[in-house]
Amino acid sequence: RDGKHYLEFQKLCCKAYLILRKSAHLFLNLLDLAADLDPSNNPMSFRSGQALIERFQLHLSPQQAVEYMQHVIQDSLGALFP
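Residues numbered from 1 in each chain as written. Predicted model: local features only at pLDDT ≥ 70, side-chain atom pairs only at ≥ 80, totals over all residues. Heavy atoms only, no water.

**Structural notes on the overall build of the protein**
The helix and strand tally for the protein stands at four helices and zero strands. Restricting the contact set of the protein to residue pairs at least 6 apart, pairs at least 24 apart contribute 70%. (Helix = DSSP H or I, 4+ residues; strand = E, 2+ residues; numbered from the N terminus. Contact = heavy atoms within 4.5 Å.)

**Some remarks on the nonpolar core**
In terms of nonpolar packing, the biggest core is built from twelve residues, these being Tyr6, Cys14, Tyr17, Ala24, Leu31, Leu52, Phe56, Ala65, Val66, Met69, Ile73 and Leu77. When contributions to this core are tallied by element, the ones reaching two or more residues are α1 (4–22), α2 (24–37), α3 (50–56) and α4 (62–80). For this core, the element with the highest residue contribution is α4, accounting for five residues. Those residues within four positions of methionine 69 in sequence are excluded, and the remaining contacts are Cys13, Cys14 and Tyr17. (Core = buried A, V, L, I, M, F, W, Y, C linked by side-chain atoms within 4.5 Å. Buried < 20%, exposed > 50% of the residue type's maximum accessible area, 1.4 Å probe, protein only.)

**Some remarks on the packing of aromatic side chains**
Using the criterion set out here, one finds three aromatic pairs in the structure. Centroid distance tyrosine 17 to tyrosine 68: 6.1 Å. Interplanar angle 35 degrees. Geometry classified as tilted. Placement of tyrosine 17 in helix α1 and of tyrosine 68 in helix α4 is noted, with a sequence separation of 51 residues between them. Tyrosine 17 sits in the buried class, given a relative accessible area of 7%. (Phe/Tyr/Trp six-rings, centres within 6.5 Å; stacked < 30°, edge-to-face > 60°.)

**Digging into unusual backbone geometry**
One can expect most non-glycine residues to show negative phi and most peptide bonds to be in trans. We note that glutamine 57 has phi near 50 degrees; this positive angle belongs to a residue other than glycine. Within the element layout of this structure, glutamine 57 appears in the loop between α3 and α4. You can call glutamine 57 buried: its relative accessible area is 15%.

**Observations concerning the state of the cysteines**
Evaluated as defined, the whole model comprises zero disulfides. For the unlinked cysteine cysteine 13, the closest cysteine sulfur is that of cysteine 14, found at 6.8 Å. For cysteine 13, a relative accessible area of 23% translates into the label partly exposed. (Disulfide = S-S within 2.5 Å.)

**Description of the confidence of the model for the protein**
Residues at a pLDDT of 70 or more form 80% of the protein, whose mean pLDDT is 85. Between the elements of the protein, mean pLDDT differs from a low of 81, seen in α2, to a high of 96, seen in α1. (pLDDT = per-residue confidence, 0-100.)

**Notes on the packing of α1 against α4**
With their axes 9 Å apart at the nearest point, α1 and α4 run at an angle of 130 degrees to one another. If you check the angle between α1 and α4, you find them oblique. For the pair α1 and α4, the sense of crossing is right-handed. For the pair α1 and α4, the contacting residues are Tyr6, Phe9, Gln10, Cys13, Cys14, Tyr17, Leu18 and Arg21 in the first and Pro62, Ala65, Val66, Tyr68, Met69, Gln70, Ile73, Gln74 and Leu77 in the second. Counted by class, the contact of α1 with α4 contains 13 nonpolar, three polar and one charged residues. (Axes fitted to C-alpha atoms, helices over the stretch in contact; angles between N-to-C directions. Parallel < 35°, antiparallel > 145°, perpendicular 65-115°, else oblique. Left-handed = near helix turned anticlockwise from the far one by under 90°. Nonpolar A, V, L, I, M, F, W, Y, C, P; charged D, E, K, R; others polar.)

Structure follows, in structure tokens:
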């Protein structure tokens, strides 16, 4: 977990996360358009956009978002390799 390659992986994940967060409004608009095409319009589906907002943590600063993503990576790694 402290290896050079792991740290580079974590850095790239956080960088990608920040880039995607900048375009979150575009993803939300796309999901709104897709929801119009879905006749079931299930409010619990990912297409509602709420899950996307929660995952992007748009209320956080970029530094806080990096810390959040690092925590997500650590949690995921802990689940795979306890």
